[in-house]
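Overview (structure and organization)
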Amino acid sequence: MAYGGKSARSNVLLGFPDEYIVDNYSDFRTNKIGGKPDWCVSSSAPQPACQLCGSTQPLVTQIYAPLDNSVYHRTLYIFCCVQPACWNQRRSWVCYRSQLKDKTVTDQTPAPTFSSGTDWLEDADDWGDDDNGNVGEPLTSPSSPDSPTPQGAVGGLPQGRHLDNISADIKEDLSLKSLNLGPATGDDPNANVGENVNTHTGVSAEIEHDDEVAGCVSVDLPDVDTSNIPKLFQAKNAIIPSTGIEFTPMYIWVGDEQPSPQLSQHELNLLKQFKKETELDAGGGGGDGYEKCIPVHGDEYSHKFISTVQKNPGQVLRYGRNSSDPPLLFQPLEFRQKNETYESLKKCSHCGSSLKFELQLLPTLVTYLESQDIDGTPVEFGTLLVFSCANSCWSDGEAVREETIVLQQETM
Amino acid sequence: MSGREGGGGGTRGGFGRGRGRGGGRGGAKRGQRRRVDEKEWVPVTKLGRLVREDKIKSIEQIYLFSLPIKEHQIIDKLLPDSLKDDVMKIMPVQKQTSAGQRTRFKAVVVIGDSDGHVGLGVKCAKEVATAIRGAIVLAKLSIVPVRRGYWGARLGDPHTVPAKVSGKCGSVNTRLIPAPRGTGLIAAPVPRKLLALAGIEDIYMKSTGQTRTLANFVKATFYAIEKTYCFLTPDFWPQTKFLNAPFQEFSDYLQKPQEKKVPVAAS
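What comes next is a walk through the structure.

Another point: the pattern of salt bridges. Residue and element names in this part refer to chain A. Tallied over the full model, the rule gives 17 salt bridges over all chains. When the shortest N-O distance is used, the salt bridge between Arg-321 and Glu-358 registers 3.3 Å. Taken together, the residues span a long stretch of sequence, with Arg-321 in the loop between strand E9 (317-319) and strand E10 (355-361) and Glu-358 in strand E10 at a distance of 37 residues. Overlapping salt bridges, with partners in common, bring together Arg-74, Arg-321 and Glu-358 in one network.

Rendered as structure tokens:
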């Protein structure tokens, strides 16, 4: 729909949270939030640990983002640390990119699919499953031979049967444990109750005793005094285990960025009433001029950020590799972090080519990150920008490559 | 896909090329809307999250700590039904360019609940619709509390400003003077709407300057009303115990030395 007749300037793609993943049905081509990472080649998958505190980092999101003119499957994995002491710090986040050669696809020219975009979409409806894809169709079974190959599919990914070679390898490595959905009790080290609570790792213990540094990391009282705002802004000191945390997995629904909606009924009424009472005269308004209107709080960056996000409410992720729009920021990008300069972030660390803005995570994602092991908000951040290598450099034997990220906090 | 769904077709597919390819596994039926309703407010700021979870129950708590309100839905949630907004004026303003004149529309909107909260928003945009919508949002973001007091005896509810206050914007000076009960709003028609929405029942007002510039006139009145809570009256003479502002805590947290590493947990 968006491709029909569009010029080279593409839209920003937005990610919205979708249904919960119920039967662990995902592979490296699924866009999802939370859960366990589905590596392209899972044998050499790294176990990411926080650079600041060493605890294991759960997966925040996994994005399948193959590039045009590329034979590779390409997936990005973003991990973060959930310890309250590590919130809002760039070094507690990491982004990995993993690529896998698509064996069935040879190098291709950019397929001129714009004209046949609708064909592809209509044909692709014949997937043979009438109910939710959640039921049935395991990874290895070929899709129905009757369903036609989508015409003009970009990249021409063939039907399921061709994937058997790849998927067979993956399936045995995929060890998707069933989610432990019940409340953790008793002996489970992740339990919030029971005798195992205080036998935790040194990480939590350090936080508890270190009073002058962690001045704002106070003990989390079970009944939060709701009228005490300072307490609400303090990072809580829940006892968070350093391993085994996982965010509740859900799919991501991809959509285009829509232009702003029309006037609501209320605004139309206001306009009508105003017009009735006065006449819109064509003359100047008695000396009034154009004035730049900034909001009372004075933060123009935040205002622009929030207004853009609210035009398409519910978005949690913006994918902007194919778009010429700059990313939404809370502060200007040249803002020097305390101990890092932006210079170090300007080139790909592997191949030295320039970086390109790929995607950003929005603070609205914080509302959707839930974890059974943690009460309340697991992690907080402003926005996380991922800059990836413009050439998407890769060598075939590797497991993952790290991408550059920039973390911005919201300004108070 | 176009026309088949309401707000624009999307898929579960991968980003980048081939949207819809490969990601259909585990996906919903084509054309099904996503789980989260569009109309629902998903907060962006920390304050917004606290408000949405009902941890902050009244707007006065936010005023107490002077926290910046960056999302207008916060105001919608804390003052749900009582707010009334009003478009004061929409005027075209022009700018001379080499290609002729470029006209934009400036909308001035006042909003208030007639009980101590007012806001004023001015927005300039190329279309009237955008200007009105932007001005309503800016008005909600600028809501301030209004202090009312008595002219004479302290009988009944406060009905007028507690002291003489003045405001200035551009060349317009406005001065609000307390009036006895039953006087009504003795003011020019333009600021009268603003004063009514603020919940002030009786006032004398004196204005000077080029009051025909409506935006400046209204803004000057708004600044005067804002100052009612800045005025030190004898009620405030006893010492106030100040709580630590959350920003203070926040900045302590921000200033936590980044070099200090929490020791690695024994693995």
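All names here are of chain B. Here strand E5 (residues 165-169) shows a clear split, with Val-165, Gly-167 and Cys-169 buried on one side and none of Ser-166 and Lys-168 buried on the other. Pairing between E5 and strand E6 (residues 172-178): five bridges, direction antiparallel. Directly across from Val-165, in E6, lies its bridge partner Leu-176. Two successive antiparallel strands, E5 and E6, enclose a turn made up of two residues, where Gly-170 displays a positive phi of approximately 65 degrees.

So, on to helix H5 (residues 189-198) of chain B. Residue and element names in this part refer to chain B. When we look at burial in H5, the residues that qualify are Pro-191, Leu-194, Leu-195, Leu-197 and Ala-198. Considered in projection along H5, the buried side chains sweep an arc of 160 degrees and stay on one side of the axis. One or two residues past the end of H5 sits Gly-199, with phi positive at roughly 95 degrees.

Turning to the state of the cysteines, a few remarks are in order. Covalent bonding between the sulfur atoms of two cysteines is what defines a disulfide. Under the definition given, this model contains zero disulfides over all chains. Lacking any disulfide linkage, A:Cys81 is separated from the closest cysteine sulfur, that of A:Cys53, by 3.5 Å. Given a relative accessible area of 0%, A:Cys81 falls into the buried group. Looking at the unpaired B:Cys169, the closest cysteine sulfur is the one in A:Cys293, lying at 12 Å. Under the relative-accessibility criterion, B:Cys169 is labelled buried at 12%.

Rules used in this analysis
- Residues numbered from 1 in each chain as written.
- Chains lettered and ligands numbered in written order.
- Predicted model: local features only at pLDDT ≥ 70, side-chain atom pairs only at ≥ 80, totals over all residues.
- Heavy atoms only, no water.
- Salt bridge = Lys/Arg side-chain N within 4 Å of Asp/Glu carboxyl O.
- Helix = DSSP H or I, 4+ residues; strand = E, 2+ residues; numbered from the N terminus.
- Buried < 20%, exposed > 50% of the residue type's maximum accessible area, 1.4 Å probe, protein only.
- Pairing = 2+ DSSP bridges.
- Arc of directions from axis to C-beta.
- Disulfide = S-S within 2.5 Å.

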